[in-house]
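The lines below spell out each chain.
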Amino acid sequence: MRIGELAEAVGVTTRTVRHYHHLGLLPEPERRANGYRDYTLRHAVTLARIRRLTELGLGLAEVRDVLADDAGKDLVEVLTELDEDLARQETALRERRARLRALLDAEELPAEGPVSPELAALFTGIPASASPMAARDREVLALIDTAATPAERERLLAAVGAVVASPEAVARAHEAYALLDALADAAPDDPRVENAARRLAECTPTELLPQPADIDHDHTFLRALYADFAPAQAEAVRRALRLLAEGGRS
């Protein structure tokens with residue numbers, strides 16, 4: 001058989017056959033005097049086996065192990081590992097579909113989404129606001145929700161949930177947002193900075209605080225946070241964090 005006949009008989013392309021030659025999976029046949037390769041039934045059997053193994057999901061390195069005569073893993077071991085890997089993928093897929101279903105079943109998807117269903121539920125309980133600072137705060141919460149460990153996320157959601165559950169706390173937060181919004185074009189030494197910082201400290205749960213050392217030395221995350229604010233806003237946030245770290249809210 002020529003290469004085209006072999007490929008057609010097994011249901012692959014000639015390019016695939018040449019690729020398997022290049023990888024050493026399929027031995028190259030002897031060439032006739034005219035230069036054409038002369039494939040035998042044995043080549044077709046091997047090629048068909050490679051196709052079946054790859055269709056099961058084996059990588060080509062694993063296929064090489066299966067085809068090896070005196071080295072590598074035997075077929076049962078490889079297929080067992082493949083079955084275990086597929087089981088893990090099935091579990092992960094079910095979990096992803098469950099998260100998607102929770103998002104699709106929600107009455108309203110937050111603009112910052114997708115976020116965890118728990119944070120999405122909290123966002124739903126926060127009154128709409130045109131405040132740029134409020135929108136930025138939600139973006140930061142979404143970032144932390146994504147990057148935090150499960151324990152940190154649970155602590156975050158509990159702290160935010162306590163604020164959302166209190167109309168007074170929500171009102172204080174919107175007051176702080178308004179004061180910070182008013183600093184968008186102000187200088188860092190503007191006298192309004194101190195008032196904004198204290199109002200922000202009053203409505204920020206201590207559970208959301210970075211470590212004191214991070215506050216003192218402007219941790220990488222905090223530097224990025226400050227850089228996203230106008231100078232006076234960044235100064236107000238910096239002072240609020242220091243007030244909270246010192247235990248002073250008034």
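Residues numbered from 1 in each chain as written. Predicted model: local features only at pLDDT ≥ 70, side-chain atom pairs only at ≥ 80, totals over all residues. Heavy atoms only, no water.

**As for the environment of Ala-130**
Line of reasoning, step 1. Counting through the fold element by element, Ala-130 comes out in the loop between helix 6 (117-124) and helix 7 (132-147).
Line of reasoning, step 2. Classification of Ala-130 by relative accessible area gives exposed; the value is 80%.
Line of reasoning, step 3. When the C-alpha atoms of Ala-130 and Ala-178 are compared, they prove to be 9.8 Å apart, with 48 residues separating the residues in sequence. (Helix = DSSP H or I, 4+ residues; strand = E, 2+ residues; numbered from the N terminus. Buried < 20%, exposed > 50% of the residue type's maximum accessible area, 1.4 Å probe, protein only.)

**Looking at helix 7**
Line of reasoning, step 1. For helix 7, built from 16 residues, the straight-helix expectation of 22 Å at 1.5 Å per residue is met to within 8% by its first-to-last C-alpha distance of 23 Å.
Line of reasoning, step 2. Taken together, the buried positions of helix 7 are occupied by Met-133, Ala-134, Arg-138, Val-140, Leu-141, Ala-142 and Asp-145.
Line of reasoning, step 3. Taking the backbone nitrogen of Met-133 as reference, a side-chain oxygen 3.2 Å away marks Ser-131 as the first, capping residue of helix 7. (Expected span 1.5 Å × (residues − 1). Polar contact = N/O pair within 3.5 Å; in protein donor to acceptor, adjacent residues only side chain to side chain.)

**Examining the confidence of the model for the protein chain**
Parts of the model with low pLDDT should not have their predicted coordinates read in detail.
Line of reasoning, step 1. In this model, the protein chain carries a mean pLDDT of 82, and residues with pLDDT of at least 70 account for 86%.
Line of reasoning, step 2. The secondary structure element of the protein chain with the lowest average pLDDT is helix 11 (residues 212-216), at 49, and the one with the highest is helix 2 (residues 14-23), at 94.
Line of reasoning, step 3. Taken together, the stretch residues 213-217 has pLDDT below 50 and engages in 9 contacts with residues farther than four places along the chain or on a different chain. (pLDDT = per-residue confidence, 0-100. Contact = heavy atoms within 4.5 Å.)

**Quick notes on the pattern of salt bridges**
Line of reasoning, step 1. Within the structure shown, the criterion is met by 13 salt bridges.
Line of reasoning, step 2. Between Glu-28 and Arg-37 there is a salt bridge; the shortest N-O distance is 3.2 Å.
Line of reasoning, step 3. A relative accessible area of 47% means that Glu-28 is categorised as partly exposed.
Line of reasoning, step 4. Among the charged side chains, a salt-bridge network with shared partners connects Glu-194, Arg-198, Glu-235, Arg-238 and Arg-239. (Salt bridge = Lys/Arg side-chain N within 4 Å of Asp/Glu carboxyl O.)

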